[in-house]
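Coordinate inspection notes
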Amino acid sequence: MTNVKTQVYLLFDERMALHRPVHQPDNPNYYPVENSNRIFKIYGSLLDLEKRLLRQSQFIPGIMPHYESRFVEFPCKPVDRETVELVHTPEHYDWLYHTMFLSEAKLRQLTDPDDLYVCSSTFLAALLSCGGAVQCVDAVTSGRRCSAGNKITRAIALIRPPG
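A few points on the structure. (Residues numbered from 1 in each chain as written. Predicted model: local features only at pLDDT ≥ 70, side-chain atom pairs only at ≥ 80, totals over all residues. Heavy atoms only, no water.)

1. Remarks on helix H5 (residues 122-141)
What counts, and what does not: Put simply, DSSP marks the helices as runs of H or I at least four residues long and the strands as runs of E at least two long, and each gets a number from the N terminus on. Expected span of a helix, by definition, is 1.5 Å for each gap between consecutive residues, and there is one gap fewer than residues. Accessibility here uses a 1.4 Å probe with only protein chains present; expressed as a share of the type maximum, an area under 20% marks a residue as buried, one over 50% as exposed, and anything in between as partly exposed. Note on definitions: a residue-residue contact is assigned when non-hydrogen atoms from the two residues lie within 4.5 Å.
The first and last C-alpha atoms of H5 sit 29 Å apart over 20 residues, in line with the 28 Å expected at 1.5 Å per residue. For H5, the complete set of buried residues consists of Thr 122, Phe 123, Ala 125, Ala 126, Leu 127, Leu 128, Ser 129, Gly 131, Gly 132, Gln 135, Cys 136 and Ala 139. Buried positions along H5 lie against strand E1 (8-12), strand E2 (71-74), helix H2 (81-84), helix H3 (90-98) and strand E3 (155-158). One or two positions beyond H5, positive phi appears at Gly 143, with a value near 75°.

This is the structure:
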């Protein structure tokens with residue numbers, strides 16, 4: 001019996017971590033649960049898993065005779081406005097776009113500590129997040145093949161901000 005290993009697209013772009021809470025001088029302990037460290041931690045854990053699989057294959061001959069990477073890195077591209085507007089209103093797009101030009105004081109005013117924060121990099125991170133999700137779906141459903149020629153039917157998109 002041949003061991004067929006499923007490869008998975010892994011989409012990660014560190015620019016999504018630029019979406020961060022604006023410093024809150026009146027609340028120095030403000031650090032929301034949804035934060036940029038989460039995608040770095042998940043990404044690191046996935047790479048560690050890959051290393052453990054490689055080490056395991058070296059100690060158990062025949063299980064994975066020629067180990068190939070489980071994850072196929074997938075580059076992230078920002079989504080275009082037209083695609084965003086399939087889900088969000090033009091006003092929402094414009095509002096988020098304009099946050100790039102707001103002062104930190106104004107960005108703090110827009111922050112709801114229990115739900116939402118924005119910063120000057122939120123717009124870029126949101127375009128990458130949405131674009132990454134769309135790219136993963138397209139790659140898996142289109143039957144695209146990776147550089148090794150394998151058809152990949154699974155993807156993990158490490159994206160943020162949520163929503």
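There is more to say, and it comes next.
2. Digging into the side chain of Arg 160
Rules: In protein, a polar contact means a hydrogen-donor-capable atom and an acceptor-capable atom, both N or O and within 3.5 Å, with residues adjacent in sequence counting only if both atoms are side-chain atoms; elsewhere, any N or O pair within 3.5 Å suffices.
Mapped onto the elements of the fold, Arg 160 is located in the segment after E3. Within the structure, Arg 160 has its side chain in polar contact with the backbone oxygen of Met 16 (distance 3.0 Å). At 2.7 Å, the side chain of Arg 160 and the backbone oxygen of His 19 are in polar contact.

3. Brief notes about the nonpolar core
The condition that has to hold: The criterion is simple. A nonpolar core is a set of buried Ala, Val, Leu, Ile, Met, Phe, Trp, Tyr and Cys residues joined through side-chain atoms within 4.5 Å.
Judged by nonpolar contacts, the single largest core of 20 residues is most densely connected at Tyr 9, Leu 10, Leu 11, Met 16, Phe 74 and Leu 158. Elements with a contribution of two residues or more to this core: E1, helix H1 (37-59), E2 and H5. Of all the elements, E1 adds the most residues to this core, at five residues. With residues up to four places along the chain from it excluded, the contact list for Leu 10 reads Tyr 43, Leu 46, Phe 71, Val 72, Glu 73, Phe 74, Ile 156 and Leu 158.

4. Overview of the sheet that holds E3
The line we're drawing: When DSSP finds at least two bridges between two strands, those strands are taken to pair. Whenever a helix is involved, its axis is fitted only over the stretch in contact; in every case the axis is a line through C-alpha atoms, and angles between N-to-C directions fall within 0 to 180 degrees.
Across the sheet, which stays open at both edges, the three strands sit in the order E2-E1-E3 with parallel pairing between neighbours. The strands lining the two open edges of the sheet, one partner per strand, are E2 and E3. Here the strands of the sheet are splayed against their neighbours by 25° on average, with no regard to which way each runs. With four bridges connecting them, E1 and E2 associate as parallel partners. Paired with Leu 11 across the two strands is Phe 74, which belongs to E2.

That is the geometry; function is a separate question.
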